[in-house]
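As a plain string of letters, each chain reads:
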Amino acid sequence: MRLRLYHHYDGARVAYRETGTGPALVLLHSLGLSHREFEPIVEPLEARFRVLMPDLPLHGDSEDRPRHPYSPEWLAEVIAGFCQEAGGPRTMVAGHDIGAELALLATSSGLLEPARLVLMPSRMHRRDEFPAKRAVWRAVCRAAALPGLDRMLARGARLVFRPSVGERLSAQGNEDARDLIRHAFADVGGNSNRARSWAKFVRRWPVDAQLQLLDVYPSMNLPILLLWAEDDVAHPIRAAQEALDLLPDAQLRTVPGAGFLIAYDDPVAVARELIAFCG
């Protein structure tokens, strides 16, 4: 697996891993994690695709300097630029959680025209299932904008997001998920730049339901796979079912016994569905 860098026109950098040969398939990870979220499915995919796994801005080895806006529009623009340059004009894109939201935003706004789109569990057009918990998290992140608190809160993040969180995110209690969390927060402690950038991000990321997407779905004329985990309490299947009725060329597939970390709970099923849909 090769480590590469994409440089956006405004200087933002996106670190990504590349492996395999064939049609390009971009995998966009969840909020707070890294490209390693998809490691369990890499081996079967790399035999058929050129797999590209970026660390989203604010994550892993990618851009985290406070000079950028970190708005949804900016993030979607960066991801679209990355997909077009690294994957080609008609790359296939799959995203989970915030990765799915950014892929959906970039596609629905015309910034990105993927050949095929896979949306794994995310909010879609609905609001967060746990608004109180998310409000606390947002308040803590916003406090990082205050002088003196940025470095302290960055260190505190590692204490809160311990490796054991990974097991709790897995419906199967997969112990390998501990390393996923350990890696995702390895460089967070004391990183004041990242803490201040996260403060900008949470101020700009929408918290309300994105009901305008209900009007956009009918115009999205491309093959879309809604690949949902049946036991993900953060992203109930209702969102996918509602979108399925409006998307012109979509199908819904579910993974029984899988929770938030869908690729860790059933990598065989996830890889099988991706290969069947993406060809």
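Draft legend 1. Molecular detail of the pairing of strand 7 (residues 224-229). For strand 7, the buried fraction is high: six of the six residues fall into the buried class. On strand 7, burial covers both faces: Ile224, Leu226 and Trp228 on one face and Leu225, Leu227 and Ala229 on the other are all buried. When strand 6 (residues 117-119) meets strand 7, the two strands line up parallel, connected through three bridges. Counted as the bridge partner of Val118 is Leu225 from strand 7. Pairing between strand 7 and strand 8 (residues 250-255): six bridges, direction parallel. Bridge pairing in strand 8 links Trp228 to Thr254.

Draft legend 2. Fine view of the sheet that holds strand 1 (residues 2-7). With mixed pairing, eight strands are arranged side by side in an open sheet as 1-2-4-3-5-6-7-8. Only two strands of the sheet have a single neighbouring strand rather than two, namely strand 1 and strand 8. The sheet shows a mean angle of 20° between the axes of neighbouring strands, direction not considered. As defined by bridge partners, strand 2 (residues 13-19) adjoins strand 4 (residues 50-54) across four bridges and the pair is classed as antiparallel. Across the sheet, the residue bridging to Thr19 is Val51, located in strand 4. Along the sheet, helix 12 (residues 267-278) makes contact with strand 3 (24-28), strand 5 (92-95), strand 6, strand 7 and strand 8, crossing strand 7 at roughly 170°.

The rules behind these values
Residues numbered from 1 in each chain as written. Predicted model: local features only at pLDDT ≥ 70, side-chain atom pairs only at ≥ 80, totals over all residues. Heavy atoms only, no water. Buried < 20%, exposed > 50% of the residue type's maximum accessible area, 1.4 Å probe, protein only. Helix = DSSP H or I, 4+ residues; strand = E, 2+ residues; numbered from the N terminus. Pairing = 2+ DSSP bridges. Axes fitted to C-alpha atoms, helices over the stretch in contact; angles between N-to-C directions. Contact = heavy atoms within 4.5 Å.

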